[in-house]
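# Remarks on the overall topology
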Amino acid sequence: MTGVLAAGTPAAVPPALMDTVQVTVLILVAAGATAVVLTRQPVRQAIVLSAYGLLLALLFMVFQAPDVTLSELTVGAVALPILLLLVLAKVRKREE
Amino acid sequence: MSPAARRWAFLIAGSGLVAFYLWGLTGLPGFGDYPGPYGTIINQVAVTQTKATAVVSAINFEYRGIDTVGEEFILFVAAAGVSTVLRHLRGERDRAGIDEAMGRDVPPTSDAVRMMALAFTGPTVVIGWYLASHAQTSPSGGFQGGLVLATAFILLYLAGQFLVFRRVSPVAVTDAVEAAGAGGFACIELSAVALGLPYLSNILPLGNTPGAVDSSGTIALISFFVGVEVAAAFTAIVAELLWCSAWRPR
């Protein structure tokens, strides 16, 4: 991405640095998604999914979408894992 | 189907998908390149038209407000559905609840978790309230703020026990608050119609300074009601699931 979007903002980050940050976060997100898929135990998977939600939130922030960052933080990192954990607790209780 | 046949079916379908996907990728615009006129136009006119410096809020609650109505009621209906399926009705018998968790003690919450949860509850409420009620500045948003507020209730559950959670978010209250949020939104939409204006028109004074507390008219108000609705709806969903899965006295 060129510096077109950053130009005009009060504290413009050098485009080269921004590129590096964006590529790094993209790689982290890919690694995080793989980690979620490779985690086989559902409870652990919910926790890894929460960490992955944090990474996605970071991705949206780096790509200049703070509002989506907030949504992803609350939904991806908190709400979805909590719902999954609650459902797992309910299923497990029934199995016992 | 034999394993070998399944593998072949997957390989053929998979290679077709990959080819199609790669072909689609070649047609995409360049990275960071925005081809459409819509965003550029909105960026130029939004702040002057709506007096909201958060263009995302202006789009959500003004330009495509009708989509937000739909989204809002998806969550409303989802919460109602969860309640319908899971909630115990008065007079309904609990099926053989005695031995389900026999011999399994409820692990006590550690002091560290309790303290962290308590320490975070206050700031979470403040942030959620700010996000939901200041839609005219960025970053903000009713949906995000509402979820942050609901998170504060979950922190209370972590800090205390399920009974405390139930006491601070009684079913009657969450239901009423959820209905008030959804109803408030509906009232704003319809009051424009009552005044003879198009549905969802911004009927309140827009203020003079973009981004100020009194600016953006109905945008901030709709966002606030969305926040109230989302907070109550999510708290209700979590409460119903907790009621099913958590320890409770007999």
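So, here is what we can say about the structure in this document.

Conventions used here
Residues numbered from 1 in each chain as written. Chains lettered and ligands numbered in written order. Predicted model: local features only at pLDDT ≥ 70, side-chain atom pairs only at ≥ 80, totals over all residues. Helix = DSSP H or I, 4+ residues; strand = E, 2+ residues; numbered from the N terminus. Buried ≥ 20, exposed ≤ 12 C-beta atoms within 10 Å, placed from the backbone. Contact = placed C-beta atoms within 7 Å. Axes fitted to C-alpha atoms, helices over the stretch in contact; angles between N-to-C directions. Parallel < 35°, antiparallel > 145°, perpendicular 65-115°, else oblique. Left-handed = near helix turned anticlockwise from the far one by under 90°. Core = buried A, V, L, I, M, F, W, Y, C linked by C-beta atoms within 7 Å. Expected span 1.5 Å × (residues − 1).

## Notes on the overall build of chain B
The helix and strand tally for chain B stands at 9 helices and 0 strands. Seen in sequence order, chain B has helices and strands lined up from the N terminus as α-α-α-α-α-α-α-α-α. The buried share of chain B, reckoned over its 250 residues, is 31%. Excluding contacts between residues fewer than 6 apart, the proportion of contacts in chain B whose partners are at least 24 apart in sequence is 72%.

## Observations concerning the overall build of chain A
For chain A, the count of helices and strands is 3 helices and 0 strands. Listing the helices and strands of chain A from first to last along the sequence gives α-α-α. Here chain A, with 96 residues, has 20% of them falling under the buried criterion. Partitioning the intrachain contacts of chain A with sequence separation of at least 6 by distance along the chain shows that 42% fall at a separation of at least 24.

## Considering the environment of Pro35(B)
Residues and elements named next belong to chain B. Of note, Pro-35 is situated in the loop between helix H1 (3–26) and helix H2 (38–50). Here Pro-35 falls in the exposed class, since 8 other C-beta atoms lie within 10 Å of it. Considered as a pair, Pro-35 and Ala-119 are 84 residues apart in the sequence and their alpha carbons are 47 Å apart.

## Notes on the packing of helix H1 (residues 15–38) of chain A against helix H2 (residues 42–62) of chain A
Residues and elements named next belong to chain A. Closest axis-to-axis distance for the H1/H2 pair is 9 Å, and the angle between their directions is 160°. Overall, the two elements H1 and H2 adopt an arrangement that is roughly antiparallel. The handedness of the crossing between H1 and H2 is left-handed. Contacts between H1 and H2 involve Val-21, Gln-22, Val-25, Leu-26, Leu-28, Val-29, Gly-32, Ala-33, Ala-35 and Val-36 from the former and Gln-45, Val-48, Leu-49, Ala-51, Tyr-52, Leu-55, Leu-56, Leu-58, Leu-59 and Val-62 from the latter.

## Some details on the nonpolar core
Counting residues in hydrophobic clusters, the biggest one holds 53 residues, and the most contacted among them are Ile222(B), Val230(B), Ala233(B) and Phe234(B). Listing elements by their share of this core, those giving two or more residues are H2 and helix H3 (66–95) of chain A together with helix H3 (55–63), helix H4 (65–86), helix H5 (111–133), helix H6 (142–159), helix H8 (171–194) and helix H9 (218–245) of chain B. Sort the elements by how many residues they give to this core and H9(B) lands first, with 18 residues. When near neighbours in sequence (up to four residues on either side) are disregarded, Ala233(B) contacts Leu75(B), Phe76(B), Ala79(B) and Glu178(B).

## Structural notes on H8(B)
Residues and elements named next belong to chain B. Under the 1.5 Å per step criterion, the end-to-end length of H8 is 33 Å for 24 residues, consistent within 8% with the ideal 34 Å. Every buried residue of H8 is listed here: Thr-174, Glu-178, Gly-181, Ala-182, Phe-185 and Ile-188. Looking one or two residues beyond H8, the residue adopting positive phi is Gly-196, at roughly 85°.

## Considerations on the environment of Thr235(B)
Residues and elements named next belong to chain B. Within the secondary structure, Thr-235 is located in helix H9. Note on Thr-235: 26 C-beta atoms within 10 Å, which makes it buried. Residues Thr-235 and Gly-146, 89 residues apart in the sequence, show an inter-C-alpha distance of 9.7 Å.

## A few points about the packing of H4(B) against H8(B)
Residue and element names in this part refer to chain B. Axis separation between H4 and H8 bottoms out at 11 Å; the angle between their running directions is 155°. What the angle tells us is that H4 and H8 run roughly antiparallel. Classified by chirality, the crossing of H8 by H4 is left-handed. Side by side, H4 and H8 meet where Val-69, Glu-72, Phe-76 and Ala-79 of the first sit next to Glu-178, Ala-182, Phe-185 and Glu-189 of the second.

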